[in-house]
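What follows is each chain in one-letter form.
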Amino acid sequence: MARDTPAGDLRLAHLTKTFGAFTAVDDLSLTIAQGSFFALLGASGCGKTTTLRMIAGLEQPTSGQVLLGDRDIARLRPYKRPVNTVFQSYALFPHLDIFENVAFGLRRRGIRKVDEEVRRMLSLVQLDGYERRRPAQLSGGQQQRVALARALINHPQLLLLDEPLGALDLKLRRQMQIELKRIQSEVGITFLHVTHDQEEAMWMADTVAVMNAGRIEQLGAPTDIYEYPATPFVANFLGQSNLIEAEVTGQDGDDLLLTGHGSRFATPRDRARAHAGGVWLGVRPEKLHLVTEVGAVPAGRNAVSGVLTDICYAGVSTEFLLRTSWGQELSVFTANSDPDAGLVPGTQVTAHWHPRHSFVLPRGGENETPSGDREPERIEAAT
């Protein structure tokens, strides 16, 4: 679609931003491949929006480079960068109709014949026939599509999406996720999507970078990060994990052997990021299966027994909370194919799982918790 050939990958080289004594972005280096859909995921205050603003030119880096291909654009004014941004607030002009909102960027550049290009953009975002309506006459999702069309009509080499779906209700947000994926695939422009919504990042992006305290904790395909998190923080920020304190005791063939709270566990060695000493043994809640008789646990499974303390029905699934003998509460998700399982709070149960569904993370200092509240490791990441 773009008239100008994209300049290449976006590279952030040792990008740092400080505000007084506070470091918002800390020596960040990563590469975002040309034509990819990339998500920068993190909680409020992690530095993701500051990173986006430095790429857009709305903040000046304290140090480091923002390179698009071989060109450092870190010191260029925003309007001189081949970059456009779509904000959560839409930022449409209420006094202009939809046609003129989309045409704004072309007219500002002195282009007079805009009709064909504007109609093509409106068709791309499936708003044919809405040209003469005002923004107030459109739904939130339609307004977000107008904002997207207004950005894409400038043929940017990079499109920045700053929490673009945050103001939409759940159903509309799902629809727009599908639309954004379709549009990105069709136009082939690099999309950098900043969000705090884990499911949104996994649903849309080819590559996800999980950010914490100004640094990248882990970067990779959504499946890889979810199935094999690198740190306790990632394990519990991207989805939910049960982390059990354990010690590595040895090896049996390709399996690592562990003990924790009087129980023995195993996990494939290639699923472990630490092979000695104190570790976290992790397993996702949906990988667990509940039985009421210890003898019903299949051979070769990892298992933990306890008492159900709470049950939460959530439509497609049910969450069971299991309190272990050492006082830790584990989560178990089960699909609601058999909603009348006869389990109630107070039931003695055993949760079991296949060793290959485990992962092992190094256990840090005394202040580290299973929720992953710790200082992240410095990682220089590249897609």
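Residues numbered from 1 in each chain as written. Predicted model: local features only at pLDDT ≥ 70, side-chain atom pairs only at ≥ 80, totals over all residues. Heavy atoms only, no water.

**Student:** Lay out the overall build of the protein with the relevant residues and their values.
**Tutor:** In terms of regular secondary structure, the protein is built from eight helices and 20 strands. Counting every position in the protein, which comprises 383 residues, the buried fraction comes to 51%. Restricting to contacts in the protein with at least 6 residues of sequence separation, those with at least 24 account for 68%. Counting every atom, the protein has about 17600 Å² of accessible surface; 48% of that belongs to carbon and sulfur. Measuring between centres, the 40 positive side-chain charges of the protein sit 10 Å from its 45 negative side-chain charges. (Helix = DSSP H or I, 4+ residues; strand = E, 2+ residues; numbered from the N terminus. Buried < 20%, exposed > 50% of the residue type's maximum accessible area, 1.4 Å probe, protein only. Contact = heavy atoms within 4.5 Å. Areas by Shrake-Rupley, 256 points an atom, 1.4 Å probe, with all protein chains shown as cover. Lys, Arg positive; Asp, Glu negative; His and termini not counted. Charge placed at Lys NZ, Arg CZ, Asp CG, Glu CD.)

**Student:** Before we move on, can you summarise the pairing of strand β9 (residues 207–212) with the specific residues and values?
**Tutor:** Of all six residues making up β9, six are buried, and the element is well covered by its neighbours. Residues T207, A209 and M211 line one face of β9 and the alternating positions V208, V210 and N212 line the opposite face, and both faces are buried. Pairing analysis gives four bridges linking strand β3 (residues 37–41) to β9, with the strands arranged parallel. Its bridge partner lying in β9, L40 is registered against A209. With antiparallel pairing between neighbouring strands as the criterion, β9 and strand β10 (residues 215–220) make up a hairpin whose turn holds two residues, including A213 at a positive phi of roughly 55 degrees. (Pairing = 2+ DSSP bridges.)

**Student:** Quick one: what's the story with the packing of aromatic side chains, residue by residue and with numbers?
**Tutor:** Applying the stated criterion across every chain yields a total of four aromatic pairs. Seen in terms of ring centroids, F37 and F191 are 5.4 Å apart; in terms of plane orientation they differ by 55 degrees. Their pairing is tilted. With F37 in strand β3 and F191 in strand β8 (residues 190–195), the pair connects residues that are 154 residues apart, well separated along the chain. The residues F37 and F191 share a single accessibility class, namely buried. Arranged with centres 6.0 Å apart and planes meeting at 20 degrees, the rings of F265 and W353 form a pair that is stacked. Highlighted residues: F265 in strand β13 (residues 263–268) and W353 in strand β19 (residues 348–353), separated in sequence by 88 residues. Summarising the burial analysis for this pair, F265 and W353 share the class buried. For K181, the ring lying beneath its charged end belongs to W203, and the centroid distance is 5.3 Å. Over the face of the ring belonging to W280 we find R363, whose NZ or CZ atom lies 6.0 Å from the ring centre. (Phe/Tyr/Trp six-rings, centres within 6.5 Å; stacked < 30°, edge-to-face > 60°. Lys NZ or Arg CZ within 6 Å of the ring centre and 35° of its normal.)

**Student:** Any details on the sheet that holds strand β18 (residues 329–335)? Residues and values, ideally.
**Tutor:** Read from one edge of the open sheet, five strands run β15-β19-β16-β17-β18, paired in antiparallel fashion. The sheet terminates laterally at β15 (289–291) and β18, the two strands that pair on one side only. Strand-to-strand twist of the sheet, defined as the mean angle between neighbouring strand axes without regard to direction, takes the value 45 degrees. (Axes fitted to C-alpha atoms, helices over the stretch in contact; angles between N-to-C directions.)

**Student:** Please provide a residue-by-residue account of the pattern of salt bridges, values included.
**Tutor:** Enumeration over the complete set of coordinates arrives at 15 salt bridges. The partner of E179 in a salt bridge is R182, with the nearest N and O atoms 2.7 Å apart. Residue E179 and its partner R182 are both found in helix α5 (residues 170–187); the two are separated by three residues, about one turn of the helix. What makes E179 buried here is its relative accessible area of 10%. Among the residues examined, R182 registers a relative accessible area of 26% and is labelled partly exposed. (Salt bridge = Lys/Arg side-chain N within 4 Å of Asp/Glu carboxyl O.)

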